[in-house]
Amino acid sequence: MEKSLRQRALELLSKREYSAAELAQKLKGYAGEEDDIPALIADFKGRGWLSDARYTEQMVHARQAKFGAARVAHELREKGVDDTLIAEAVAGLQDNEVERAREVWRKKFKAAATTREEWAKQARFLQSRGFTFEVIKQILNRHAEDDSPEDDS
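Residues numbered from 1 in each chain as written. Predicted model: local features only at pLDDT ≥ 70, side-chain atom pairs only at ≥ 80, totals over all residues. Heavy atoms only, no water.

Asker: What is the right way to read the overall build of the protein from this model?
Answerer: Summing up its helical and strand segments, the protein has nine helices and zero strands in all. Seen in sequence order, the protein has helices and strands lined up from the N terminus as α-α-α-α-α-α-α-α-α. Against the globule reference of 15 Å for 153 residues, the protein gives a C-alpha radius of gyration of 21 Å, more extended than a compact globule. Principal-axis analysis of the C-alpha atoms places the extent of the protein at approximately 75 × 30 × 20 Å. Out of the 153 residues belonging to the protein, those deemed buried represent 39%. Taking the intrachain contacts of the protein between residues at least 6 apart in sequence as the baseline, contacts between residues at least 24 apart amount to 58%. (Helix = DSSP H or I, 4+ residues; strand = E, 2+ residues; numbered from the N terminus. Rg over C-alpha atoms; globule rule 2.2 N^0.38 Å. Buried < 20%, exposed > 50% of the residue type's maximum accessible area, 1.4 Å probe, protein only. Contact = heavy atoms within 4.5 Å.)

Asker: Would you mind going over helix α2 (residues 20–28) with me for this structure?
Answerer: Given 3.6 residues to a turn, an α-helix orients residues that are three or four positions apart in the same direction. Listing the buried residues of α2 in full gives A20, E22, L23, A24 and L27. Buried residues along α2 sit in contact with α1 (5–15), α3 (37–47) and α4 (52–63).

Asker: Please explain the pattern of salt bridges as it appears in this structure.
Answerer: Two side chains bearing opposite charge may form a pair once their charged atoms approach each other closely. Counted by the stated rule, this structure contains eleven salt bridges. Here D43 and R6 are joined by a salt bridge, their closest N and O atoms 2.9 Å apart. One end of the pair, D43, is in helix α3; the other, R6, is in helix α1, and 37 residues separate them in sequence. A salt bridge links R77 to D83; the nearest nitrogen and oxygen atoms lie 4.0 Å apart. In this structure R77 comes out as partly exposed when scored by relative accessible area, which is 48%. Several salt bridges share partner residues, and in doing so they unite R6, D43 and R47 into one network. (Salt bridge = Lys/Arg side-chain N within 4 Å of Asp/Glu carboxyl O.)

Asker: Help me understand the packing of α2 against α3, please; the structure alone is not making it clear to me.
Answerer: Put simply, α2 and α3 touch, their axes get as near as 10 Å, and they point 140° apart. With respect to each other, α2 and α3 are oriented oblique. Crossing hand, α2 versus α3: right-handed. Where α2 approaches α3, its residues A20, L23, A24, L27 and K28 are matched on the opposing element by I37, L40, I41, F44 and K45. Residue composition of the contact of α2 with α3, grouped by class: eight nonpolar, no polar and two charged. (Axes fitted to C-alpha atoms, helices over the stretch in contact; angles between N-to-C directions. Parallel < 35°, antiparallel > 145°, perpendicular 65-115°, else oblique. Left-handed = near helix turned anticlockwise from the far one by under 90°. Nonpolar A, V, L, I, M, F, W, Y, C, P; charged D, E, K, R; others polar.)

Asker: Would you mind showing me how to read the packing of aromatic side chains here?
Answerer: According to the stated counting rule, one finds three aromatic pairs in the structure shown. Ring geometry for F44 versus W49: centroids 5.1 Å apart, planes at 75°, classification edge-to-face. Given a relative accessible area of 0%, F44 falls into the buried group. When the ring of F109 is compared with that of F125, the centres are 5.5 Å apart and the planes differ by 85°; the resulting orientation is edge-to-face. Taken together, the positions of F109 in the loop between α7 (97–108) and α8 (116–128) and F125 in helix α8 put the pair 16 residues apart, joining distant regions of the chain. Taking relative accessible area as the criterion, F125 reaches 14% and is therefore assigned buried. Over the face of the ring belonging to Y30 we find R8, whose NZ or CZ atom lies 3.9 Å from the ring centre. (Phe/Tyr/Trp six-rings, centres within 6.5 Å; stacked < 30°, edge-to-face > 60°. Lys NZ or Arg CZ within 6 Å of the ring centre and 35° of its normal.)

As structure tokens, this is what we get:
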């Protein structure tokens, strides 16, 4: 028996949070001519079953240990989250951006860069994770100073 669009939406939401735009996109493939996706999305929002704010919070929580604010904001934008929610989420992430970048760097690289090529490789890695260049310079230059020969005496 064919599932209704409402049943499919409930099944999807039972597995994880979705943004309204993301859920609507997923449901498009199953919608018939009689189905009204915007009305279904509005109904789910009204009942509290679908919330872009909750989705944003969940996404930020899941991504913050691995990615910088720019990458998280980009992913949220791709999922159709409102810019005001993204701005709030990014503001919260930027408070501890340097600490998070340092932890991501530490997991990937055991030692500070000793050559320009290594420095560039480490910078590209952190940049791909969505950290700003200012944060990257702080992390890589601090670790270069920590590993300087004067500290070994």
